[in-house]
Amino acid sequence: MDVYSNIQQLLHKAMLSGMLGKEDELYARNKIMDLLALQDFYKSEVETVEKDISDLLDELTEYAVKTKVIGHFIEERDILSAKMMDIFLPKPSELNRLFFEKYEQNPKRATDYFYQLSKDSHYIQSKRNENNIQFSVETEYGKLALTINLSKPELDPMEIAWAREQKSLPSTYPKCMLCIENEGYSGRVDHPARSNHRLIRLQLTDEPWYFHYSPYSYYPEHCIVYSGEHREMRMGRETFQRLFEFVDQFPHYFIGSNADLPIIGGSIFSHDHYQGGQFEFALEKAENELVFEIPSLPSVNARTVKWPMSVIRLSGKDVIDLIDASSHIFEIWQGYSDSTVNIEAYSCKIGHNSVTPIARKRNDVYEMDLVLRNNRTTAEFPFGIFHPHEELHHIKKENIGLIEVLGLAVLPPRLKQELLEVEKYLLREPNVIQDYHQPWANEIKARFDNQMTQATVRTTLCTEVGQKFLKCLEDAGVFKRNEEGQQAFRRFLHLI
């Protein structure tokens, strides 16, 4: 490994991407030398076979491990990589100036610039994201997308033990991974590297909000928008107003929010935030079903859509009316019960009903999807009545959050190896299939009459996993796609 050649290549790549000017080369080199504890520099020609930035960072951090500049944990490597890339990035004030200059020309030009910079600066972990296993499955509701998430590194037991030793004086800074104090924060073993993290400043409902891209993108331009104040997620009128304000500012993006209750929400309730991006999910293309009116708001077009979950779609040109309609439906739903379909609004004054809202803009028409949610549990369904039921947990046990609601399954990394063992079992090869996959595998084997081949097993298994995800969505639907469920749905709609 020629550390000097790798530094030169990194500088060269930064200049090619526009992150570094020629007059900044020596400055940047000296900063990198300092991070690698180099006292001298021996310039060499840039190799003809160019490496990408991810490979160069891997080699430079490997050099730092071998020379004991850093330890061997992946988090320490990430911290050093982020510090090196931070050298090439503008300060937040300069970045925002450039962003909004481009925004004045065209909002998409601004987001294109920021998205590319987030990739070039290695904040978006493009190389790791490529490790994700992605496939799609055709269903009666359209094409569902699935990804086995392999991009996020998992702590091994040694790292966990080491991190605990370092916590004799636990840090509460930043309060969470969505706080604005993460911008430029070095990170530590129990908190991700954020030296190369930058935020775009926004105003939503006359308060500061911040926008950046997810390092581990599940779909194109996967962005996160969050409050400048560290406060709990709370669904209500202001939520719907902010979502519409965002799509007004960025009409080429959709934006949505997880529900604000456990089981049916996302993974971070402690900080108010939304997720968006530039991608057309299956839900967006769902067909209209039952059209109905909201008498007090005749300008709003309202209908249900064909989807395994219970979705009300509102559209119109008057955004205030749409906010009113969204708030009206949400307030009715919060207090709604129907024991015939297991919907109870409260248990001992604890609320169970919320929504997963998704906003978008098509030309000059606004749309809001309100996905009705309920998080009640029972002895029969301890994980949630409207949550993937236990027979599906061998594929997905986690919450059905915003991304899943839209039609993209984020599946656990364990499935990469486990599904390979299921394939072997179906091919009658030696395997170590997990016990919890066995009934499912037996059912598939019987259905295909032991006719599985090397040419068909992978496609068949992907289809079967997709059908399991579809069942997860059906379990999460509050009004089932049967006559009893749809009659109950209509009873609710009559109250609107």
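Residues numbered from 1 in each chain as written. Predicted model: local features only at pLDDT ≥ 70, side-chain atom pairs only at ≥ 80, totals over all residues. Heavy atoms only, no water.

Colleague: Just to check I follow, could you spell out empty space enclosed by the protein for this structure?
Modeller: Left-over empty space is what a probe sized like a water molecule reveals as it rolls over the atoms. This model, assessed by the stated rule, comprises 2 cavities of 30 Å³ or more. Lining the largest cavity, in full, are L89, L95, F114, L117, S118, S121, Y123, N196, H197, R198, H212 and Y213. Among the secondary structure elements, those contributing two or more residues to the lining of the largest cavity are α6 (107-120) and β4 (207-213). If you tally residues by element for the lining of the largest cavity, the top one is α6, at 3 residues. Here the lining of the largest cavity is composed, by residue class, of 6 nonpolar, 5 polar and 1 charged. There is about 40 Å³ of room inside the second largest cavity. Looking at the second largest cavity, the residues that line it are E289, T304, V305, W307, M309, S310, V311, F479, R481, Q486 and F489. Of all elements in the fold, only β9 (301-305) and α15 (483-494) reach the threshold of two or more residues within the lining of the second largest cavity. (1 Å grid on protein atoms, 1.4 Å probe; cavity = no way out; pocket = protein on both sides within 12 Å on 5 of 7 lines; lining within 4 Å. Points joined across faces, edges and corners; volume = space filled by probe spheres on them. Helix = DSSP H or I, 4+ residues; strand = E, 2+ residues; numbered from the N terminus. Nonpolar A, V, L, I, M, F, W, Y, C, P; charged D, E, K, R; others polar.)

Colleague: Explain the pattern of salt bridges to me, please; I cannot follow it from the model alone.
Modeller: Oppositely charged side chains are able to pair whenever their charged atoms sit close together. A full pass over the atoms with the stated rule returns 43 salt bridges. Between R231 and E207 there is a salt bridge, with the nearest N and O atoms lying 2.5 Å from each other. On the criterion of sequence distance, the pair formed by R231 in the loop between β5 (223-227) and α9 (237-249) and E207 in strand β4 is long-range, its members being 24 residues apart. An identical accessibility class is assigned to R231 and E207; each is buried. Between E423 and R458 there is a salt bridge, with its nearest N and O atoms 2.2 Å apart. (Salt bridge = Lys/Arg side-chain N within 4 Å of Asp/Glu carboxyl O. Buried < 20%, exposed > 50% of the residue type's maximum accessible area, 1.4 Å probe, protein only.)

Colleague: Looking at this structure, how should I read the packing of aromatic side chains?
Modeller: In this description, an aromatic ring pair is defined by two values, namely the gap between the centres and the angle between the planes. Evaluation of the coordinates by the stated rule reveals 33 aromatic pairs. Relative to F281, the ring of F254 has its centre 5.6 Å away and its plane inclined at 90°; by these criteria the two rings are edge-to-face. Taken together, the residues span a long stretch of sequence, with F254 in strand β6 (residues 254-256) and F281 in the loop between β7 (273-277) and β8 (288-292) at a distance of 27 residues. Given a relative accessible area of 4%, F254 falls into the buried group. Members of the aromatic cluster, each reached through a chain of ring pairs, are F99, F100, Y103, F114, Y115, F211, Y213, F246, F250 and Y253. If you follow K102 out to its NZ or CZ, it ends over the ring of Y113, 5.0 Å from the centre. (Phe/Tyr/Trp six-rings, centres within 6.5 Å; stacked < 30°, edge-to-face > 60°. Lys NZ or Arg CZ within 6 Å of the ring centre and 35° of its normal.)

Colleague: What's the story with unusual backbone geometry in this structure? I'm lost.
Modeller: One can expect most non-glycine residues to show negative phi and most peptide bonds to be in trans. Omega for the peptide link from Y173 to P174 comes to -15°, which places this bond in the cis form. Structurally, P174 is set in the loop between α8 (157-166) and β3 (200-204). A positive phi angle, close to 50°, is found at T205, a residue other than glycine. You can see T205 is positioned in the loop between β3 and β4.

Colleague: Looking at this model, I keep getting lost on the sheet that holds β5. Mind explaining?
Modeller: Sheet strands pair by backbone hydrogen bonding; their relative direction is either parallel or antiparallel. Strand order in the open sheet formed by 10 strands is β3-β4-β5-β7-β6-β13-β14-β10-β9-β8, with antiparallel pairing between adjacent strands. Of all strands in the sheet, those bounded by a partner on one side alone are β3 and β8. For this sheet, the mean inter-axis angle between neighbouring strands, taken without regard to orientation, is 25°. Note: β6 against strand β13 (residues 353-362), 2 bridges, orientation antiparallel. (Pairing = 2+ DSSP bridges. Axes fitted to C-alpha atoms, helices over the stretch in contact; angles between N-to-C directions.)

Colleague: What is the right way to look at the sheet that holds strand β1 (residues 133-139) in this model?
Modeller: The strand order β1-β2-β15 describes an open sheet built from 3 strands, whose pairing is mixed. The strands lining the two open edges of the sheet, one partner per strand, are β1 and β15 (408-411). Averaged over all pairs of adjacent strands, the angle between their axes in this sheet comes to 20°, without regard to strand direction. In this fold helix α14 (residues 457-476) packs onto β1, β2 (142-148) and β15, with an angle of close to 70° to the strand it touches most, β1. (Contact = heavy atoms within 4.5 Å.)

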